[in-house]
Each structure stands twice: as structure tokens, then as C-alpha cells.
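Here are the chains, one letter per residue:
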Amino acid sequence: MKLWIKSFEEVSILVKRPNKKKLTYLISILVILSLFAGACGGGKAPFTPTPTRTPKPTFTPTPKSAAVQLPTAGSTKAPAATAGNQSTPVPSAPTATPVPPTPTPIPSPFAVVKAETLNVRSGPTTRHPIVGKVAKGDRLDIIGKNNQGTWWKVKLPNGKTGWVYAELVEASGNLKQVAVASAPPAPTPTPRPTPTPAPPTPTPAPRYEYNVAVVQKCEPNAGVTYVNGTVYRNHQPVDGVLVVFSYAPDGPFVVPPMPTGPHPGYPNWNHGYYSHIIDAHGARGGDWYFWIVDSNGKRISKIAHVHTDSTAGPGKCQQAVVDFDTN
């Protein structure tokens with residue numbers, strides 16, 4: 001401290017009596033004092049300069065001409081190009097090509113049984129043997145037909161095949177694709193022995209309610225073998241008379257009795273008219289006997305005999321007309 005005081009006194013003297021040499025000396029002393037004061041510090045912390053604050057960046061607005069509009073959420077539109085921002089335009093999504101509707105496919109041909117019970121045969125005639133039976137509502141796949149289209153060849157649920165009569169089923173589906181199918185030939189019917197007529201007896205022939213039974217004609221007909229005619233009472237057509245036929249006189253009925261005239265199932269028949277089909281699918285030979293019965297099945301007429309031929313041609317018989325009358 002004495003040095004400091006002495007120096008201070010010297011400084012005061014120098015200040016009072018300045019000259020160039022003394023002034024230089026004075027400045028040197030001041031520099032030395034300042035350095036000494038900094039080294040001693042008088043117990044205080046060394047001087048730390050105040051840090052300069054870093055200035056915050058200044059916001060510069062973007063000019064409107066350079067602004068780019070961003071797409072909003074869910075938008076597929078690309079932003080438009082601006083001056084100084086020549087971005088490549090985004091192409092729009094291609095329009096989907098409309099797909100034409102798929103046509104509804106036509107189902108494969110099938111048949112639904114209409115009859116309560118229907119025979120399935122080995123071929124397309126009633127002479128072919130029965131190979132199975134189907135019930136009403138059964139569905140059968142159609143796999144063929146005969147030339148006339150009157151029979152369907154079908155596949156049964158058990159995998160076997162057979163033929164059903166077309167009128168007794170309801171056919172549906174793509175029937176145009178059904179082709180004609182081959183079928184085994186119809187078996188030849190076993191000829192039945194012709195019974196020997198009983199020799200006439202001396203007793204007079206009994207009289208019946210219908211004493212006239214006449215075969216009017218018989219002509220060739222290769223398609224169907226049948227007998228029809230008219231029943232008269234006193235030469236007038238009569239309805240509701242029951243006509244039957246058999247392989248022998250008074251033999252068992254081949255089919256149920258057929259009533260004459262219009263009746264359920266045959267509303268367009270003429271009065272007194274009847275018809276019995278022997279074979280619906282061609283010529284069939286044999287001897288056939290026709291007569292009239294009452295409601296109990298008892299014969300009340302004479303018997304008419306018709307012989308048919310198994311081949312058609314001139315002089316052959318497949319289409320006969322048999323009439324009955326009371327006298």
C-alpha cells in the first residue's frame with residue numbers, strides 16, 4: 001500500500017507539473033498500476049465480460065407469387081405450378097373401364113317327376129323292361145332323348161340311367177343341348193297262345209243287352225296299334241258305357257274299363273266314342289277280344305275278335321274299328 005500511495009503522490013505531482021517526459025512516465029505508471037490492480041484484485045473475482053446476446057432470426061414472409069398451395073387431406077388434385085416453382089404436374093387417376101354384366105348361365109337340363117309314381121325303363125318304349133321307379137317331385141338329370149323327343153334319357157339318383165316318358169315329367173334347363181341318345185332295341189313280346197274257341201253248344205246263345213258287336217274295318221298303321229269305335233243304343237250313340245278288352249274271351253282285363261263319350265281326361269270325345277291303345281309305339285301283333293261290362297264287371301254284350309299284325313303294309317291290321325249296338 002505504501003508503494004501505491006507513493007506512486008499516487010508522484011502522479012499528483014506530475015499532474016501538477018506536466019511535461020512531455022513526465023507525461024510519458026505518468027502513463028507508464030498508470031498502466032503498471034492497472035495491471036497490478038488486476039493481479040491483486042483486492043479479494044474480488046476477476047472481471048468477466050458480459051456475453052453478447054445472439055439475435056433471433058427475423059421472419060421473412062413468402063411472396064404471394066411464390067406460394068404453393070398444398071393439397072388438403074383426401075384430395076387427389078396436385079398443386080398448381082407457380083413462377084419459380086416449375087413442379088411436374090401429377091396426372092389424374094385413369095378412369096376404370098366399366099365391366100359388362102355377366103350373363104346368368106342357363107342350368108343343365110333336368111326333369112321333375114309329375115306323376116305319383118313313374119316307371120324308368122331300359123329304353124324309350126313301354127315294351128322295354130322297367131329298371132327303376134321314381135316318385136313325384138324327384139329331380140332327374142336329362143342326358144339324352146329319342147328321335148321323336150317323346151322320351152328322356154335320365155340319370156337316376158343312384159347313378160344308373162334309364163328312360164322316362166316326357167309327358168309325365170316337367171323338363172327345364174338348356175334343353176337345346178340335349179342330343180339324341182342310342183337305346184337298346186325293344187324286346188320282341190312273347191307270343192301268347194291263341195285259345196281254341198269252344199265248340200258251339202246246342203243250347204241257344206244267350207241274349208245280351210248289346211247283341212251286336214261288329215268289326216267294321218282294320219287298316220295298317222305302323223305308328224300305333226289301337227282299336228276304337230262307337231257304342232249305340234237303338235242306333236243312337238250312348239255315353240257312359242264301359243268297354244274292355246283281353247287276350248282271351250272273358251279273360252282278365254288288360255286295362256281298366258273305358259267309358260264312352262266325353263268324360264274327365266277326354267272332354268272332347270264324341271258321344272258314344274271309345275278308344276283302347278294296344279301299343280303306342282308301333283305295330284303289335286296278336287288276337288284281342290272286346291266286349292261291354294256293367295258297373296260290376298259282368299259282361300253284357302257279345303264279344304268282338306280282332307287280329308293285329310306285327311308288321312305294317314298292305315293288307316295288314318293295326319287300326320281297327322269295332323261298334324256295338326243293342327240290336
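Residues numbered from 1 in each chain as written. Predicted model: local features only at pLDDT ≥ 70, side-chain atom pairs only at ≥ 80, totals over all residues. Heavy atoms only, no water.

A. Expanded view of the overall build of the protein. Each helix and strand in the protein was counted, giving 2 helices and 17 strands. The proportion of buried residues among the 327 residues of the protein is 28%. Long-range pairs, those at least 24 residues apart, make up 60% of the contacts in the protein with a sequence separation of at least 6. With an accessible surface of roughly 22800 Å², the protein has 60% of that area assigned to carbon and sulfur atoms. (Helix = DSSP H or I, 4+ residues; strand = E, 2+ residues; numbered from the N terminus. Buried < 20%, exposed > 50% of the residue type's maximum accessible area, 1.4 Å probe, protein only. Contact = heavy atoms within 4.5 Å. Areas by Shrake-Rupley, 256 points an atom, 1.4 Å probe, with all protein chains shown as cover.)

B. The packing of aromatic side chains, seen in detail. Counted under the stated rule, the structure contains 8 aromatic pairs. On the basis of an interplanar angle of 70° and a centroid distance of 6.2 Å, the ring pair of Phe245 and Trp288 is categorised as edge-to-face. Of this pair, Phe245 sits in strand S12 (residues 242–246) while Trp288 sits in strand S15 (residues 286–293), placing them 43 residues apart in sequence. Among the aromatic residues, those joined into a cluster by ring pairs are Phe245, Tyr247, Trp288 and Phe290. Directly above the aromatic system of Phe110 lies the positively charged group of Arg139, at a separation of 3.6 Å from the ring centroid. (Phe/Tyr/Trp six-rings, centres within 6.5 Å; stacked < 30°, edge-to-face > 60°. Lys NZ or Arg CZ within 6 Å of the ring centre and 35° of its normal.)

C. Representation of the sheet that holds strand S17 (residues 319–325). Read across the sheet, 4 strands follow the order S8-S17-S9-S14 without closing on themselves; strand pairing throughout is mixed. Looking along the sheet, the strands with just one partner apiece sit at the ends: strand S8 (212–219) and strand S14 (273–279). Here the average twist between neighbouring strands, direction ignored, is 20°. (Pairing = 2+ DSSP bridges. Axes fitted to C-alpha atoms, helices over the stretch in contact; angles between N-to-C directions.)

D. Seen up close, the confidence of the model for the protein. In this model, the protein carries an average pLDDT of 82, and 72% of its residues clear a pLDDT of 70 or more. No element of the protein has a lower mean pLDDT than helix H1 (residues 2–16), which averages 52, and none a higher one than S12, which averages 98. The model gives residues 1–5 a pLDDT under 50, and that stretch makes 1 contact with residues more than four places away or in other chains. (pLDDT = per-residue confidence, 0-100.)

E. Representation of the nonpolar core in the model. Among the nonpolar cores identified, the biggest contains 21 residues, and Val227, Val231, Tyr274, Ile292 and Phe324 are the most heavily contacted of them. Secondary-structure elements contributing two or more residues to this core are S12, S14, S15, strand S16 (304–308) and S17. If sequence neighbours within four positions are ignored, Val227 has contacts with Tyr274, Ser275, His276, Ile278, Phe290, Val306, Ala320 and Val322. Ranked by size, the runner-up nonpolar core spans 14 residues in total, among them Ile142, Trp152, Leu156 and Val169. (Core = buried A, V, L, I, M, F, W, Y, C linked by side-chain atoms within 4.5 Å.)

F. Examining the state of the cysteines more closely. Evaluated as defined, the whole model comprises 1 disulfide. A disulfide bridge connects Cys218 with Cys317, and the sulfur atoms are separated by 1.4 Å. Of note, the bridge from Cys218 to Cys317 carries an S-S torsion of about 75° and is right-handed in sense. Placement of Cys218 in strand S8 and of Cys317 in the loop between S16 and S17 is noted, with a sequence separation of 99 residues between them. (Disulfide = S-S within 2.5 Å.)

G. Broad picture of the pairing of strand S6 (residues 161–165). Sheet topology note: the strand S5 (residues 151–155)/S6 ladder contains 5 bridges and is antiparallel. Within the sheet, the bridge partner assigned to Trp152 lies in S6 and is Val164. Counted along the chain from S5 to the antiparallel partner S6, the turn is 5 residues long, and its residue Gly159 has a positive phi close to 95°.

H. The arrangement of the side chain of Thr225 in detail. Mapping Thr225 onto the fold places it in strand S9 (residues 225–230). On the accessibility criterion, Thr225 (0% relative accessible area) is buried. At a separation of 2.8 Å, a polar atom in the side chain of Thr225 contacts the main-chain carbonyl oxygen of Gly282. Engagement of the side chain of Thr225 in a polar contact is seen with the backbone nitrogen of Arg284, the distance being 3.0 Å. (Polar contact = N/O pair within 3.5 Å; in protein donor to acceptor, adjacent residues only side chain to side chain.)

I. The arrangement of unusual backbone geometry in detail. Positioned with a positive phi, Asn234 is a non-glycine residue whose angle comes to about 55°. Here Asn234 lies in the loop between strand S10 (232–233) and strand S11 (236–237). On the accessibility criterion, Asn234 (45% relative accessible area) is partly exposed. In this model, Asp250 sits at a positive phi of 60°, which is unusual for a non-glycine residue. Following the sequence through the fold, Asp250 ends up in the loop between S12 and strand S13 (258–259).

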